[in-house]
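Summary of structural features
Given next are the chains, with one letter for each unit.
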Amino acid sequence: MNAASYVIPLPPQASLPVVGETGRFPVRRIWCVGRNYLEHIREMGNDERAPPFFFAKHADMLVPDGATIPYPPLTKDLHHEVELIVALKSGGLNIPAEKALDHVYGYAVGIDLTRRDLQIASRKKERPWEIGKSFDGSAPASAVQPASKIGHPTKGRIWLTVNGKEAQTGDLEQMIWNVPETIWQLSQQVKLAAGDIIMTGTPAGVSQLQPGDKLECGVDGVGTLKVSIGQPE
């Protein structure tokens, strides 16, 4: 179908730049892993024996490197969570862990912005987390580094600063569930496909953000990402 086949204009295709390429990586879905670094589980007071679980953000919630993100509505407790992003070039159901990396196109750096007060309120009422996790501008992401160029990182520093002061630091090898295991687990829940990206969890050190804050984060060997928090719209 072309644009004339629809009764309203087609929404733009969400995408990320690719390092060294003129073409972009089209994003189909955004999946996020909950509780995948032990120290973050402890700082949030959750059961460290429980396996991680998954939630989603909408693809149009991506924002690019260098963006200013308006402080979101309804919250007084916006938090940052720096994460390694996995970008898939193919997918399927029940992907074995030993074959999972065959489906990976590359890696990027992301921030899972979280309205923590709304997330906690939903959790106490046993309601979905969507109001706390899925909102406009909640998924800043860097350019994608192709795995064909950097390989598949299993260790390396992951970090975030706020206004130049270190807030989060950890290492990819601290993941409870590594990338192949994460893909295997998620593919049991949903059929993965090319264009899906997975945010793989955050280390300890999450903290509150205010309008005017400047964030910089990165994953060694993958890249860096800078965004700012603006005034509410």
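Calculation criteria
Residues numbered from 1 in each chain as written. Predicted model: local features only at pLDDT ≥ 70, side-chain atom pairs only at ≥ 80, totals over all residues. Heavy atoms only, no water. Pairing = 2+ DSSP bridges. Helix = DSSP H or I, 4+ residues; strand = E, 2+ residues; numbered from the N terminus. Axes fitted to C-alpha atoms, helices over the stretch in contact; angles between N-to-C directions. Buried < 20%, exposed > 50% of the residue type's maximum accessible area, 1.4 Å probe, protein only. Contact = heavy atoms within 4.5 Å. Salt bridge = Lys/Arg side-chain N within 4 Å of Asp/Glu carboxyl O.

The next subject is the sheet that holds strand β18 (residues 223-230). Across the sheet, five strands lie side by side as β6-β18-β17-β13-β14; this open sheet has mixed pairing. The open sheet has two free edges, formed respectively by β6 (68-70) and β14 (165-171), since each of these has just one partner strand. With strand direction ignored, the average angle separating the axes of adjacent strands in the sheet is 20°. With six bridges connecting them, strand β17 (residues 214-219) and β18 associate as antiparallel partners. In the sheet register, Lys214 faces β18, and the bridge partner there is Ser228.

Let's shift gears to the side chain of Ser134. Of note, Ser134 is situated in the loop between α3 (130-133) and β11 (139-140). Residue Ser134 is classed as buried on the basis of its relative accessible area, which comes to 10%. Beyond its immediate sequence surroundings of up to four residues, Ser134 is in contact with Ala56, Lys57, His58, Met61 and Arg115.

This structure, assessed with the given rule, holds six salt bridges. Lys57 serves as the salt-bridge partner of Asp112, at 2.8 Å between the closest nitrogen and oxygen. Pair noted here: Asp112 is in the loop between β9 (104-111) and β10 (114-115) and Lys57 is in strand β4 (residues 53-57), with a separation of 55 residues, a long-range link. Under the relative-accessibility criterion, Lys57 is labelled buried at 4%. The partner of Glu166 in a salt bridge is Arg157, with the nearest N and O atoms 2.9 Å apart.

With that settled, consider unusual backbone geometry. A positive phi angle is found at Asn94, which is not glycine, with a value near 50°. Position of Asn94 relative to the elements: it lies in the loop between β8 (82-88) and β9. Non-glycine residue Asn163 carries a positive phi angle of around 55°. Turning to its location among the elements, Asn163 is positioned in the loop between β13 (157-162) and β14.

Here we come to the environment of Leu74. Mapped onto the elements, Leu74 comes out in the loop between β6 and β7 (78-79). When the C-alpha atoms of Leu74 and Arg115 are compared, they prove to be 8.3 Å apart, with 41 residues separating the residues in sequence. Residues in contact with Leu74, not counting those within four places in the same chain, are Arg115, Asp117, Leu118 and Ile131.

Moving residue by residue along a regular strand, the side chains alternate between the two faces of the sheet. With respect to burial, β13 is a largely interior element, five of its six residues being buried. Connecting β13 to the antiparallel partner β14 that follows it, the hairpin turn spans two residues, and Asn163 within it adopts a positive phi of roughly 55°. Note: β13 against β17, five bridges, orientation antiparallel. Note that in β17 the partner of Thr161 across the bridge is Glu216.

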